[in-house]
Amino acid sequence: MVVEAHHHRSTLKQKNKPFKSHHATKSALKDIAKGRTARQSTKSPAVSTVTQARLNRRNTQKQVQATKRASLNIDTQTCIQALGKCVDEEIHGINEKKNIWTMKTSRFKTSLQFLPVPFARPFAALDAARAADYTLLLLSPTIEARPAVLKSLLSFIQYFDPTQRRVFDLSAPADSLNTLRALAEGCPDEVKWRAGRPWVVGESVERGEGGVLKVTGVVRGGRLSPDRLVHIPNHGDYLVSKIMSAPLPRAKHARPGGMDVEAEPVLLAERVPSSADSLVSTNVADDMANEQTWPTEEEMAGALQGTGEGDVPDAKKGTTPKRIRRIPKGMTEYQASWIVDESEDEDGDGDQDGEEGGGRIDEDEEMVLDDALDTENERKSVVAFQELDMEEEQKQLTSWRKRSQEEQDAQAFPDEIDTPQDISAHTRFARFRGLRSLRTSPWDPYENLPSDYARIFEFEDFKRTERDMWHELEDNGIEPGRRVTIFIEGVSPEASVSSESPFVIYGLLKHEHKKTVLHFTVQRNTECEGSVRSKDPLILCYGPRRLRVNPVYSHHTRGGGKGANNVHKFERFLWHGTTTVASVYAPIMFGKQPCMLLRETQNPQTPELVAMGTFMNPDTTRIIAKRIILTGHPFKVHKKTATVRYMFFNPDDIQYFKPIQLFTKHGRTGHIRESLGTHGYFKAHFDGPINQMDTGRVYPRWSENWATLGASSGKGDEMEE
């Protein structure tokens, strides 16, 4: 019999931590999981947790903001009635739901007109603000107007308008009276862009016989002349046939029970056809006024073979060149651009000339160019060139491009592109030209213009025309402050239909109906997200006009200078923090007009503010040049000579771009000397020693066409790549 040892139960239920391996096997992990599986995350694996949390917070803030805006209950009618109750005056038109409410305050001896704007209607608010002297910002009455709340609101308003000093509480009779006193006795600041310009807020709009629209209101701003056109926002420009007085009924006796007497309307002014502006906004293009070239003898011979006609007599010697070519280096169109080549081209490459690209030069000039270079390096040791196979070449090319994309910043070289391999460079860039300097190289602004340029107007002296126009306006027209009835011809029926916006007509100045090229200096809104590419559709608001445009952006020179040739670099994007010039086809507008660029969203009533700026000038000779940079890698370097690759991929492209000067990042300049092999390698000679850090660049550029405005269709309405 075996006697077991007595074992006492431990008083402590302590369990030591078992050994845990940092590299558990798959079977061990399955035992630990006990059949449980990990739940897949609903978030995208490409978005980190921090980024997703930030996006969730922004989305929540937007939803809360939208909910607050939807819950606002601002009653404009109640707020305006509070102003009338403080002086016991009646507000006319407020109960009839009209677009204009009027109130005559005997205490302050003045009359006020209110233009109510519905909530969340930005375009109606813009139309009302353009014609108003004051803008009233109303806060929802659901928030109690405590001193702390008023102070916070004042700080918020001063962020946009630092001149504001007080916020009024319309629920208090004293603040309502002070608000009315500020409106009646205050002197509004002058709005610079509408100074001297007439406009009329339509108190009554009636449609008469023959499509004539009768608008009654008070002339404000400057003198209104029937010889000038008027603009109705969202509808267009129209002719004025005549202007008649429209006096208000007045009491015959100033005692109770007196009768109102209506004065008879009087003809104040009528349009004079000989001096009035017309509705013609564009020129009629004459195709026969285009540049005409004399046909060559080969072209005339080919035409006669197709018709079967007889021979024509030979032209005089020297009058008809056998072949005309452009010389891109050393000789331009401004320096004996046409030459006569008596010999035939043995290589058969004569069909390449005639394009606006770099062109090609004569063989004699190429020999002179080689002789003119320093031949010292030829007498010294020359590194032997060894051509690589296609597989190794492609491998090194992919590796070099990947490293280049990682090291170089996009903004350091915004115009840098890769040379295509599937198509020759001289075919892809045939419409570009090589310039030695963007600021000083000659460029005729009237060459190779698009057909749309034949339709626009050009001012011989814009400043003098503007000065003469203002002097003429001071003596003609109806003086401001008079109540008149304007008879407008040819207005569409849609213009007389009541809408949310107040009906306002603006008097245009002379020549402001004609279309030309307008340039605006704009700065992008800091709160605008996303990219804004050139030629993207936007809404341009300037003066009383609102147009749908496709602006083209270009570099803005500090001080507004034009330079020696008035050539400015094309910008592909509207960048943050920089001043850019936006160019469009649009009707002319005199003065320093402010402008806004809006972008439409899914909701047409909530556009996005893209940029703000000022009208610069209507310069039709401003050249917007699209610049591209072709980069190459210095494969081998020997003092001033380097073997460059990856800029071209066949010898024909090297021969085509040979006359164009090369530039490096460190300021060295040089030229292509000769082609090496068949993979696009070439030898280049520079004005000083270079190193492997340098990168060769070629600068071909061409003039961009601007996007056409209006309903005209065709190729001229689109920008050409």
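Reading guide: rules and limits
- Counting restarts for each chain: residues are numbered from 1 in the order of the written sequence.
- Local features are withheld for residues below a pLDDT of 70 in this predicted model, meaning they are given only at 70 or higher, and side-chain atom pairs are given and counted only at 80 or more; totals for whole chains, interfaces and linings count all residues.
- In computing side-chain values, all of the structure's heavy atoms are included and hydrogens and water are not.
- Working definition: helices are DSSP H or I runs of at least four residues, strands are E runs of at least two. Numbering for both runs from the N terminus.
- Between buried and exposed lies partly exposed: a residue is buried under 20% and exposed over 50% of the maximum accessible area for its type, with that area taken using a 1.4 Å probe on protein chains only.
- Residues are treated as being in contact if the distance between any of their heavy atoms lies within 4.5 Å.
- Method for areas: the Shrake-Rupley scheme with a 1.4 Å probe, in which residue coverage is limited to the protein chains shown.
- For the purposes of these results, a polar contact is taken to be a pair of N or O atoms within 3.5 Å, where, inside protein, one atom must be able to donate a hydrogen and its partner to accept one; residues adjacent in sequence count only when each atom of the pair is a side-chain atom.
- Any carboxyl oxygen of Asp or Glu that lies within 4 Å of a side-chain nitrogen of Lys or Arg is treated as forming a salt bridge with it.
- Two rings from Phe, Tyr or Trp (for Trp, the six-membered ring) form a pair when their centres are within 6.5 Å of each other. A pair whose planes differ by under 30 degrees is stacked, one over 60 is edge-to-face, and the rest are tilted.
- The pairing criterion is simple: DSSP has to find at least two bridges between the two strands.
- We call a set of buried Ala, Val, Leu, Ile, Met, Phe, Trp, Tyr and Cys residues a nonpolar core when their side-chain atoms join them within 4.5 Å.
- Nonpolar side chains (Val, Leu, Ile, Met, Phe, Trp, Tyr) are joined into patches within 5 Å and like charges within 9 Å, using only residues with over 30% relative accessible area and no salt bridge.
- Under this rule, positive means Lys or Arg and negative means Asp or Glu; His and the chain ends count for nothing.
- The atoms used to mark charge sites are NZ of Lys, CZ of Arg, CG of Asp and CD of Glu.
- Axis definition: a line fit to C-alpha positions, over the contact stretch in the case of helices; interaxial angles, taken between N-to-C directions, run 0 to 180 degrees.
- Confidence scores per residue from the predictor, reported as pLDDT, run from 0 to 100.

Student: Would you mind going over the overall build of the protein chain in detail, with residue names and values included?
Tutor: Across its full length, the protein chain holds 13 helices and 31 strands. Burial analysis of the protein chain (721 residues in total) assigns 38% to the buried set. Contacts in the protein chain between residues far apart in sequence, at least 24 positions, make up 72% of those at least 6 positions apart. Per element, the accessible surface of the protein chain, about 44,700 Å² overall, is 52% carbon and sulfur.

Student: A description of the side chain of Thr 419 should follow, citing residues and the corresponding values.
Tutor: Structurally, the position occupied by Thr 419 is in the loop between strand 12 (416-417) and helix 11 (425-428). What makes Thr 419 buried here is its relative accessible area of 5%. A polar contact of 2.8 Å, which involves the side chain of Thr 419, links it to the backbone oxygen of Met 647.

Student: With reference to specific residues and values, describe the pattern of salt bridges.
Tutor: Across all of its chains, the model carries 17 salt bridges by this definition. With a shortest N-O distance of 3.4 Å, Arg 194 and Asp 133 are connected by a salt bridge. Placement of the pair is Arg 194 in the loop between helix 6 (173-185) and strand 4 (199-201) and Asp 133 in the loop between helix 4 (122-131) and helix 5 (147-160), with a sequence separation of 61 residues. For Arg 194, a relative accessible area of 8% puts it in the buried group.

Student: Talk me through the packing of aromatic side chains; I want residue IDs and the actual numbers.
Tutor: Two aromatic rings, taken as a pair, are described by how far apart their centres are and by the angle between their planes. Under the definition given, this model contains 14 aromatic pairs. Where Phe 462 meets Phe 590, the ring centres are 5.4 Å apart and the plane angle is 10°; that geometry is what we call stacked. In this pair, Phe 462 sits in helix 12 (residues 462-473) while Phe 590 sits in the loop between strand 21 (579-587) and strand 22 (594-599), placing the two residues 128 residues apart along the sequence. Put simply, the rings of Phe 648, Tyr 656, Phe 657 and Phe 682 touch in pairs and so form one group of aromatic residues.

Student: Tell me what's going on with unusual backbone geometry, and back it up with residues and numbers.
Tutor: A positive phi angle, near 55°, is found at Asp 88, a position not held by glycine. Following the sequence through the fold, Asp 88 ends up in the loop between helix 3 (76-85) and strand 1 (91-92). Even without being a glycine, Asn 234 presents a positive backbone phi close to 70°. If you trace the backbone, Asn 234 turns up in the loop between strand 7 (230-232) and strand 8 (236-245). Given a relative accessible area of 54%, Asn 234 falls into the exposed group.

Student: Hey, could you go over the pairing of strand 17 (residues 538-542) for me, with residue numbers and the actual values?
Tutor: Most of strand 17 is tucked away, with 5 of its 5 residues classed as buried. Alternating positions in strand 17 separate into two faces, Leu 538, Leu 540 and Tyr 542 on one and Ile 539 and Cys 541 on the other, with burial throughout. Here strand 17 folds back onto strand 18 (residues 545-549) in antiparallel fashion, the turn holding 2 residues, of which Gly 543 has a positive phi close to 60°. Pairing between strand 17 and strand 22: 4 bridges, direction antiparallel. Looking across to strand 22, one finds that Leu 540 is bridged to Leu 597.

Student: Describe in detail the nonpolar core, supporting the description with residues and values.
Tutor: Of all hydrophobic cores here, the largest spans 26 residues; its most connected members are Leu 518, Phe 520, Val 522, Leu 540, Tyr 542, Leu 597 and Val 610. At the level of secondary structure, the elements contributing two or more residues to this core comprise helix 12, strand 16 (515-524), strand 17, strand 21, strand 22 and strand 23 (608-617). Other than its neighbours up to four places away in sequence, Leu 540 contacts Phe 520, Arg 545, Arg 546, Leu 547, Val 549, Val 584, Cys 595, Met 596 and Leu 597.

Student: Account for a negative patch on the surface, with residues named and values stated.
Tutor: Among the surface-exposed residues, Glu 458, Glu 460, Asp 461 and Asp 468 lie close enough to one another that they form a single negatively charged patch. Of note, Glu 460 is situated in the loop between strand 13 (433-434) and helix 12.

Student: Give a description of a positive patch on the surface that names residues and reports values.
Tutor: Together, Arg 54, Arg 57, Arg 58 and Lys 62 make up a region of like positive charge exposed at the surface. With respect to the helices and strands, the residue Arg 54 is situated in helix 2 (residues 49-71). For Arg 54, a relative accessible area of 35% gives the class partly exposed.

Student: Any chance you could break down the environment of Leu 153 for me, citing the residues and the numbers?
Tutor: By the element assignment, Leu 153 lies in helix 5. Taking relative accessible area as the criterion, Leu 153 reaches 23% and is therefore assigned partly exposed. Along the backbone, Leu 153 and Arg 166 are 13 residues apart, and their C-alpha atoms lie at a distance of 9.3 Å.

Student: I'd love a proper account of helix 3, names of residues and values included.
Tutor: Buried within helix 3 are the following residues: Gln 77, Cys 79, Ile 80, Ala 82, Leu 83 and Gly 84. The inward-facing, buried residues of helix 3 contact strand 1, strand 2 (101-105), strand 3 (110-114) and helix 6.

Student: Explain the sheet that holds strand 2 to me, and be specific about the residues and the numbers.
Tutor: Strands sit in the order 1-2-3 across an open sheet of 3 strands; the sheet is antiparallel. What marks the edges here is a single partner per strand, and that holds for strand 1 and strand 3. Here strand 2 runs beside strand 3; their pairing, made up of 5 bridges, is antiparallel. Bridged to Lys 104 within strand 3 is Ser 111. Packed on one face of the sheet, helix 3 meets strand 1, strand 2 and strand 3 and runs near 10° to strand 2. Each of strand 2 and strand 3 is contacted by helix 6, which is oriented at about 105° to strand 3, the strand it contacts most.

Student: Tell me what's going on with the environment of Lys 658, and back it up with residues and numbers.
Tutor: Tracing the sequence through the fold places Lys 658 in the loop between helix 13 (651-656) and strand 27 (662-663). By relative accessible area, which is 9% here, Lys 658 ends up buried. Linking Lys 658 and Ile 672, residues 14 residues apart in sequence, is a C-alpha distance of 5.4 Å. Of note is the side chain of Lys 658, whose polar atom sits 3.0 Å from the backbone oxygen of Arg 673.

Student: Explain a nonpolar patch on the surface to me, and be specific about the residues and the numbers.
Tutor: Among the surface-exposed residues, Phe 156, Tyr 159 and Phe 160 lie close enough to one another that they form a single nonpolar patch of about 430 Å² accessible area. Examined against the element boundaries, Phe 156 turns out to sit in helix 5.

Student: Help me get a handle on the confidence of the model for the protein chain, residues and values and all.
Tutor: The predicted model of the protein chain has a mean per-residue pLDDT of 75, with 72% of residues at 70 or higher. When the criterion is pLDDT under 50, residues 318-329 qualifies, and its contacts beyond four places in sequence or with other chains add up to 45 contacts. Note that residues 331-383 has pLDDT below 50 and, in this model, 82 contacts with residues that lie over four places away or in other chains.

Student: So, the pairing of strand 6 (residues 213-220): which residues are in play, and what are the values?
Tutor: Counting buried residues along strand 6, 6 of its 8 residues qualify, which places the element largely inside the surrounding structure. Alignment of strand 5 (residues 204-207) against strand 6, held across 4 bridges, turns out to be antiparallel. If you follow Glu 206 over to strand 6, its bridge partner there is Lys 214. With antiparallel pairing between neighbouring strands as the criterion, strand 5 and strand 6 make up a hairpin whose turn holds 5 residues, including Gly 210 at a positive phi of roughly 70°.

Student: Describe the side chain of Thr 485, and please don't skip the residues or the numbers.
Tutor: Mapping Thr 485 onto the fold places it in strand 14 (residues 483-489). There is a polar contact of 3.1 Å between the side chain of Thr 485 and the side chain of Thr 216. The residues contacting Thr 485, other than those within four sequence positions of it, are Lys 214, Val 215, Thr 216, Lys 242, Ile 243, Met 244 and Ala 246.

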